[in-house]
Amino acid sequence: MRLILLGPPGAGKGTQADLVAAQYNIPKLSTGDMLRAEVASGSSLGKELQAVMSSGALVSDDIMIALIRARIVREDCAKGFILDGFPRTVGQAQALDEMLTDIGCPLNAVIELAVQDDALVARISGRYACAQCGAGYHDRFKKPVTDGVCDLCGSTQFSRRADDSVETVTKRLTNYHAQTAPLLPYYQRTGLLKSLDGMAPIHEVTAQLLSALKAAEAA
Ligand code: AP5
């Protein structure tokens, strides 16, 4: 399964990508996570990336394309992968098409998680993650089973993303509409795009998604 999850910041791409990755036993390739790892390394590139990300802008296509080009040829992607956060511009989508043609592995599906803008700010401002294993939670929509304890690893330490302030989220949303939304007609033309109701509760979005993937596999 080679899948792209598209949608604005806070649409639920990461949440759903984790669930599909477990179901299909394939890796989630989250460009946001890759960039945050580089920032955390303290490298000079990481410092440049941090400045761009905290302003709510996009990192350059050249950097992003090189990152994904190196990642999708790794062994663990042989059975497939889920792209979460890439492509984000038409230039990145065109480069991805070329990469997949080169390795002879076409996409199976492009899924849009459609969510209204006003719901996104609430989702993002309530989001937090386990500082130990990275499992994602939400103050209202996805609490750990035991308050203050990670369901997956038992850690009691949590963190919030630096770019999840209301001000930065608003800029990220503006950039989404200007630079990433044009990917919807781009993938519509390929016949691979399916839009799901991302406003539904998490488990219902997962059910819609798994059913769309079954249909894509059968096609
Ligand atoms: P990135 O990390 O990719 O952020 P994003 O796309 O803005 O998406 P988010 O991670 O904020 O949201 P999500 O859709 O994954 O939602 P989640 O599942 O967490 O990118 C960060 C930055 O890196 C970018 O701004 C840019 O600077 C740079 N970057 C990354 N990729 C790039 C690229 N290709 N090119 C250039 N720059 C790039 O859900 C959000 C919250 O809502 C969670 O708390 C969750 O529990 C909750 N939730 C999820 N689904 C539901 C639901 N159905 N109902 C209720 N709550 C829900």
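All of these numbers come straight from a predicted model, not from anything done at the bench.

Reading the values: rules and limits
- Residue indices follow the written sequence of each chain, beginning from 1 at its first position.
- Predicted model: local features are reported for residues with pLDDT of at least 70 only, side-chain atom pairs are reported and counted for 80 or more only, and whole-chain, interface and lining totals are derived from all residues.
- Water and hydrogen atoms play no part in the side-chain values, which are based on all heavy atoms of the structure.
- Secondary structure counts use DSSP, requiring at least four H or I residues in a row for a helix and at least two E residues in a row for a strand, with both numbered from the N terminus.
- Burial status follows relative accessibility: with a 1.4 Å probe on protein chains alone, a residue under 20% of its type maximum counts as buried, one over 50% as exposed, and anything between as partly exposed.
- Given a helix with a known number of residues, its expected span is that number minus one, times 1.5 Å.
- The directions considered for the arc are those from the helix axis to the C-beta atoms.
- By definition in these notes, contact holds between two residues if any of their heavy atoms fall within 4.5 Å.
- Near residues are defined by distance, with any heavy atom within 4 Å of the molecule or strand qualifying the residue.
- We call two N or O atoms a polar contact when they sit within 3.5 Å, provided that within protein one can donate a hydrogen and the other can accept it, with sequence-adjacent residues counted only if both atoms are side-chain atoms.
- For every accessible area listed, the method is Shrake-Rupley and the probe measures 1.4 Å; residues are considered covered only by the protein chains on display.

Can you help me understand unusual backbone geometry in this one?
Trans peptide bonds make up the majority, and among non-glycine residues the majority have a negative phi. Put simply, F86 and P87 share a cis peptide bond, and its omega is -5°. Relative to the elements of secondary structure, P87 occurs in the loop between β3 (81-84) and α5 (90-103). Phi is positive for N25, close to 55°, though the residue is something other than glycine. Examined against the element boundaries, N25 turns out to sit in the loop between α1 (13-24) and β2 (28-30). On the basis of relative accessible area, N25 is assigned to the exposed category, the value being 58%.

Just checking my understanding: could you explain helix α4 (residues 61-72) for this structure?
Owing to its 3.6 residues per turn, the α-helix aligns residues three or four sequence positions apart on the same side. For α4, built from 12 residues, the straight-helix expectation of 16 Å at 1.5 Å per residue is met to within 8% by its first-to-last C-alpha distance of 16 Å. Among the residues of α4, M64, I65, I68, R71 and I72 are the ones counted as buried. Buried residues of α4 fall within an arc of 135° about the axis and therefore sit on the same side. Along its buried surface, α4 packs onto β2, α2 (31-41), β3 and α5.

What should I look at first to understand the environment of Q132 in this one?
By secondary structure assignment, the location of Q132 is in the loop between β5 (127-130) and β6 (136-138). Not counting residues up to four positions away in its chain, the partners in contact with Q132 are C153, S155 and Q157.

Help me understand the site of the ligand, please; the structure alone is not making it clear to me.
With respect to spatial proximity, 35 residues lie near the ligand, and among them T15, A57, R88, R127 and R172 are the closest. Within the backbone of G85, a nitrogen or oxygen atom sits 2.8 Å from a nitrogen atom of the ligand. Considered on its own, the ligand offers 1000 Å² of accessible surface; in the complex 95% of this is hidden by protein. At four residues, α2 tops the list of elements feeding residues into the shell around the ligand.

Distances and angles like these do not, on their own, reveal function.
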